[in-house]
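Summary of the model geometry
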Amino acid sequence: MTFLSSQLSLSSSSMLFRNLLTTTCLQGYFFSHHQRKLLSINRKPILKKPSFTRPIHSYRVLSMADKQTISPPAQSHTNRLALEHSPYLLQHAHNPVNWYPWGEEAFEEAKKRDVPIFLSIGYSTCHWCHVMEVESFEDEQVAKLLNDWFVSIKVDREERPDVDKVYMTYVQALYGGGGWPLSCFLSPDLKPLMGGTYFPPEDNFGRPGFKTILRKVKEAWESKREVLVNSGAFAIEQMSEALSASASSNKLTSDVAQNALRLCAEQLSRRYDSKLGGFGSAPKFPRPVEIQLMLYQAKNLEEAGKLNESKKHLEMVYFTLQSMAKGGVHDHVGGGFHRYSVDDYWHVPHFEKMLYDQGQLVNVYLDAFNFTKDTFNSNVARDILDYLRREMIGPEGEIYSAEDADSAESEGATRKKEGAFYVWTSKEVESIIGEHANLFKEHYYIKPSGNCDLSKMSDPHKEFKGLNVLIERSDASAMASKLGMSKNEYFDVLGACRKKLFDVRSKRPRPHLDDKVIVSWNGLVISSFARASKILMGEPEGTQFSFPIVGCNPEEYLEVASKAASFIKRQLYDDQTKRLQHSFRKGPTGYHGPLNYKISRQDGLFLDHEGGGYFNTTGEDSSVLLRVKEDHDGAEPSGNSVSIINLVRLSSMVASSKSEKYRRNAEHVLAVFEKRLKDMAMAVPLMCCAADMLSVPSRKQVVLVGPKPSLEFHNMISASHASYYPNKTVIHVDLTNKEDIEFWEKNNENIAQMAKGSPAADKVVAFVCQNFTCSAPVSDPEALRTLLDPKPSRK
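What comes next is a walk through the structure. (Residues numbered from 1 in each chain as written. Predicted model: local features only at pLDDT ≥ 70, side-chain atom pairs only at ≥ 80, totals over all residues. Heavy atoms only, no water.)

1. Here we look at the packing of aromatic side chains
For the record, the criterion: Planes of paired rings set the category: under 30 degrees apart is stacked, over 60 is edge-to-face and the rest tilted, where pairs are Phe, Tyr or Trp rings (Trp by its six-membered ring) whose centres lie within 6.5 Å. Only DSSP runs of H or I covering at least 4 residues are called helices, and only runs of E covering at least 2 are called strands; the numbering of each starts at the N terminus. Relative accessibility decides the category of a residue: with a 1.4 Å probe and only protein chains considered, values under 20% of the type maximum give buried, values over 50% give exposed, and everything between is partly exposed. Counting as a charge over the ring demands two things of the Lys NZ or Arg CZ atom: a distance within 6 Å of the ring centre and an angle within 35 degrees of the ring normal.
Counted by the stated rule, this structure contains 26 aromatic pairs. Where F199 meets F210, the ring centres are 6.3 Å apart and the plane angle is 20°; that geometry is what we call stacked. Placement of the pair is F199 in the loop between β5 (192-196) and α9 (210-223) and F210 in helix α9, with a sequence separation of 11 residues. Judged by its relative accessible area of 0%, F199 is buried. In this structure F210 comes out as buried when scored by relative accessible area, which is 0%. What links up through ring pairs into an aromatic cluster is the set W99, F118, F137, F150, F185, F199 and F210. If you follow R508 out to its NZ or CZ, it ends over the ring of W424, 4.0 Å from the centre.

2. Here's the deal with the environment of G604
With respect to the helices, strands and loops of the structure, G604 is situated in helix α22 (residues 599-606). Taking relative accessible area as the criterion, G604 reaches 59% and is therefore assigned exposed. Put simply, G604 and T618 are 14 residues apart on the chain and 9.0 Å apart in space, counted from C-alpha to C-alpha.

3. A look at the sheet that holds strand β19 (residues 765-770)
Quick note on the threshold: DSSP-based pairing: two strands are paired if at least 2 bridges between them are found. In what follows, a contact means two residues having at least one pair of non-hydrogen atoms within 4.5 Å. Interaxial angles span 0 to 180 degrees and are taken between N-to-C directions of axes, which are lines fitted to C-alpha atoms, for helices over the stretch in contact.
Ordered in space as β18-β17-β19-β20, the four strands form an open sheet in which the pairing is mixed. Two strands in the sheet have a free side with no partner beyond their single neighbour: β18 (728-733) and β20 (773-774). Bridging between strand β17 (residues 700-705) and β19 involves five bridges; their strand directions are antiparallel. By the bridge assignment for β19, Q701 is matched with C769. Against the sheet, helix α27 (residues 711-720) touches β17, β18 and β19, its axis set at about 175° to β17. On the sheet, helix α30 (residues 781-788) packs against β17, β18 and β19 and is oriented at approximately 165° with respect to β17.

4. A word on the pattern of salt bridges
Test applied: Between Lys or Arg on one side and Asp or Glu on the other, a salt bridge is scored when a side-chain nitrogen of the former is within 4 Å of a carboxyl oxygen of the latter.
Applying the stated rule across the entire model yields 43 salt bridges. Note that K299 is salt-bridged to E302, the shortest N-O span being 3.5 Å. Linking K299 with E302, this pair stays in helix α12 (residues 288-303), spanning three residues, or about one helical turn. Owing to a relative accessible area of 5%, K299 belongs among the buried residues under this scheme. We classify E302 as buried; its relative accessible area is 10%. With its nearest N and O atoms 3.4 Å apart, the salt bridge here joins E428 to R508. With E428 in helix α16 (residues 426-433) and R508 in the loop between α19 (487-505) and β12 (513-514), this residue pair connects regions lying 80 residues apart in the sequence. Given a relative accessible area of 30%, E428 falls into the partly exposed group. For R508, a relative accessible area of 15% translates into the label buried. By sharing partners, the salt bridges in this structure join D156, E158, D514 and K516 into a single network.

5. What about the sheet that holds strand β4 (residues 182-186)?
Taken together, the five strands give an open sheet; going across it, the order is β1-β3-β2-β4-β5, and neighbouring strands pair in mixed fashion. Among the strands making up the open sheet, the edge pair consists of β1 (99-101) and β5. Across this sheet, the average inter-strand angle for adjacent strands is 30°, counted without regard to direction. When β1 meets strand β3 (residues 151-156), the two strands line up parallel, connected through three bridges. Its bridge partner lying in β3, Y100 is registered against I153.

6. Observations concerning unusual backbone geometry
Each neighbour pair has its own omega, and for W180 with P181 the value is 10°, a cis peptide bond. Within the secondary structure layout, P181 lies in the loop between α8 (161-175) and β4. Backbone torsion omega between F547 and P548 reads 15°, so that peptide bond is classified as cis. Examined against the element boundaries, P548 turns out to sit in the loop between α20 (519-535) and α21 (555-572). Not every positive phi belongs to a glycine, and L190 is a case in point at roughly 80°. In this structure, L190 sits in the loop between β4 and β5. Here the phi dihedral of W346 falls at roughly 60°; this positive angle occurs in a residue that is not glycine.

7. Concerning the pairing of β5
For β5, the tally of buried residues reaches five of five residues, placing the bulk of the element in the interior. Where β4 folds back onto β5 in an antiparallel hairpin, the turn is made up of five residues, including L190, whose phi is positive at roughly 80°.

The following block contains the structure:
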């Protein structure tokens, strides 16, 4: 998000709030759900770089949607959220707080009663959202204050990212920090009055508790309402101006694209942790867009003949990917990755698993495999994909959103604890594994006292005393040699041990599953399954697989992608309006999603035709006060970055005026964010790649001609994806398909004529084209691989 200009513009508003509500009230607890710890008496309220630790107590969490393993007690309260489908809203359906969902009923009630709105935003697998629910929203006294003085609204930020964006931007711009749960106070016309994230229920260590906050806001509303409301309106006005900037030109300055890519790579290199991997210090998030940029720049440097520089970039990427996969942030027993690690070692994670992480991580491990042909990377990609197939796919092929960090330690328990499903005592490992327990314990650093001791940040409150989070700290080759085993035998033993632990773990109470289907997240994962089905055909024959990897034929992954895409089209796409809805649970949410469309429809709904750039919303919902042009490539890539890449690819596929139109639009979008590319390139790594893609004189095209449902096609398209080459487009034309021919005749006559001139209609042939020149047709997959990547495989 573009916050710098917002912070400057809102500074006067911030001072106004401080005068109104006092410094004590406003300092609050402006930390994200994963950034909180109970503060010591002398700790200063530094908000921009908080500590990432856990609370010092366990806590009880009531029913968590339909798939909760703990049976809820008889409920004495039911509010309007009981009629919703969102798992997060359903978690709060039996709070004594009189919650409303986001909508006109709540807004009208606030106007009628002439009271402020308390807006609480979170998601169903959010650890600190659970904490605030138990401490405050289940408390009868807090509920009475909220019910008497406010209209309270709950929002699932995954279901309504447009609403979340407005008020999260406000909190971050004004206070320098943000996260979930997001707590914001609004006027009845939805202007923000003040906000923060998590608030404890009572005053502590000189800081205000939630009850104090409620009283302060009520007093300010009654005594300083006009000033408060005007400040909120001013804040929205300033944010709207800052976050919907227009370009003064419809093109980037000539050298910005190349400089942005180089600058971003340099900034990441300076932050590289050469000892433990990753770009930055704890907490460590797997941020795939950073790895994508470093791989992209390594390829550019290689093609420019700067092999030593390229090698340095690749070493950073490979070591980071290995460190992540060997760390506790990776679920060694069941597959997939947790959200992030709280320490520098990629060891002790925040245990929730998010779908958007899995899809992007598969793609970067696939890219690394394509670059090196090292099966370590392909195995990690398979590990994630097999986890998703096992745990996250619904009966109709839909792919679910997330698994919680928290779970009960035993059946029937009324309390949940973070990581309970995933951690082990040394004695448990010994009794479950038996014969090979010592081998397994040494490989995964398992100790009787517990292993969360690598860093002071790993377990500051000793919540994991005596418990172990699996992490690989031993070299497999050295261990195998020490035990007189081959490396393959050693990996077989580890896999068999993991399977035993998996079987026992499967009988534990499971973390809550958020079975909401989010279109954009499904898109990321559909892409990863589809790419894997082709790229993994390049694995060496005889590649070894061990649990939790299934070792399936890669084509099975294409079936998963196809079923998921069919679900989205069937349940969430309107053929008449050509519009997608954002999410699904027991039916579509009714909210049209942000920036998820094919280009022609996307331009009509989101493009700023005059100023350039894509807004994140259509502007049709008057209750959403900001239309933001998102640029930040963070946990998810920004819609503008992805759109530029799509425009560049489309421009290379079609001819004449259409091609030029797509290029102009891409240039105009980039021009909007030129200052960002020059001043803060590291915030937009995917956009830096997109800018460079646009500057490439001519993209490489692989045109496959022939019948699609054939073994020959299968082998040739696999060869098309067998090397890492991001500036490449693969096009398929089936001469037996009338729609195919008509499409290319309409959009690119050159490709249509090339297809029609193919040597044999019943064979699959490939043409490799660049700089207006095409190779002679080839029909052998190995010949195609050589055309696309003539250098020897990199080891």
